[in-house]
Amino acid sequence: IGAHLVQNLLQDENAYVLAIGRSAPTTERNKQLLSKLNKFSARFEYQALDICDADGLARLIRHFEHLWQRPLAYLFNAAGDSHAGFINDMNKPNLLSEIRSKLLGAEAVEKALLLSKPKDHESVEQIHFGSVNGHFGGAGLSLYAAANSYLNGWCQNQRAKGLPVSCYQFSM
């Protein structure tokens, strides 16, 4: 769904879009979607980056604004992790991974925008991807649900402050 949103922005809005994800696409379907978006290569870039790396993200933002010779308008955060299972069956790295990208990722995006665009960070539309599991939960998905609930609440709080921040929630 995120790829279709990006495609619409590229086609209909003539936007410049930077999309961030934890890793390069691995499934054939995701590779095809990225390939379709790459035909807009002058205005679209997907970068694999730990979303919690605010300094690295700030460098990417500055790099692409310089390359594109215009300010960034949209930043998509597609980072997330889900290890289905019960909490008492998870090891510590999986527990931390489950919540890290949602809890810390959105805050790192905001910090990166402040670092790279101190005077106009509020001009960038932040679009975060969450899950309806944040509302409905799910057997074996308690940490994932809690992390997505936090992300949605954080985005609502940022919007209440007047910042252009959205959380689109999808099912798994």
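Residues numbered from 1 in each chain as written. Predicted model: local features only at pLDDT ≥ 70, side-chain atom pairs only at ≥ 80, totals over all residues. Heavy atoms only, no water.

(A) Seen up close, the sheet that holds strand β4 (residues 125–131). Pairing is parallel in the open sheet, where five strands are placed in the order β2-β1-β3-β4-β5. Each of the sheet's edge strands pairs with one partner strand only, and the pair in question is β2 (44–48) and β5 (165–170). The average undirected angle you get between the axes of adjacent strands in this sheet is 20°. Note: strand β1 (residues 17–21) against β2, five bridges, orientation parallel. The partner of V17 across the bridge, within β2, is F44. Helix-sheet contacts for helix α1 (residues 2–12) involve β1, β2, β3 (74–77), β4 and β5, and the interaxial angle to β3 is about 170°. Sheet strands touched by helix α5 (residues 105–116): β3 and β4. Its angle to β4, the strand with the most contacts, is close to 170°. (Pairing = 2+ DSSP bridges. Helix = DSSP H or I, 4+ residues; strand = E, 2+ residues; numbered from the N terminus. Axes fitted to C-alpha atoms, helices over the stretch in contact; angles between N-to-C directions. Contact = heavy atoms within 4.5 Å.)

(B) Region of interest: unusual backbone geometry. Backbone geometry places N14, a non-glycine residue, at a positive phi of 55°. Note that N14 resides in the loop between α1 and β1. With a relative accessible area of 49%, N14 lands in the partly exposed category. A positive phi is found at Q69, a non-glycine position, where the angle reads about 55°. (Buried < 20%, exposed > 50% of the residue type's maximum accessible area, 1.4 Å probe, protein only.)

(C) Quick look at the nonpolar core. Membership of the largest hydrophobic core comes to 20 residues, with the highest contact counts inside it found for L18, I20, L57, I61, L72 and L75. Those elements that place two or more of their residues in this core are β1, α3 (54–68) and α5. Counting residues per element, this core draws most heavily on α3, at seven residues. Once residues within four sequence positions are removed from consideration, L72 is found in contact with Y16, L18, I61, E65, K117 and V124. The next biggest cluster of nonpolar side chains, apart from the first, holds 15 residues, and it includes A3, L10, L34 and F44. (Core = buried A, V, L, I, M, F, W, Y, C linked by side-chain atoms within 4.5 Å.)

(D) Main features of the packing of α5 against helix α7 (residues 142–160). Where α5 contacts α7, the axes come no closer than 9 Å and their chain directions differ by 35°. Contacts between α5 and α7 involve A106, E107 and E110 on the former and, on the latter, Y150, L151, W154 and Q158.

(E) Here's a closer look at the confidence of the model for the protein. Residues of the protein with pLDDT of at least 70 account for 85%, and the chain-wide mean is 82. Across the protein, α3 holds the top mean pLDDT of 93, while helix α6 (residues 133–136) sits lowest at 62. (pLDDT = per-residue confidence, 0-100.)

(F) Geometry of the environment of C167. Relative to the elements of secondary structure, C167 occurs in strand β5. By relative accessible area, C167 is classed as buried at 15%. Taking the C-alpha atoms as reference points, C167 and G130, separated by 37 residues in sequence, lie 6.2 Å from one another. With residues near it in sequence (within four places) discarded, C167 still touches H128, G130, L151, N152 and C155.

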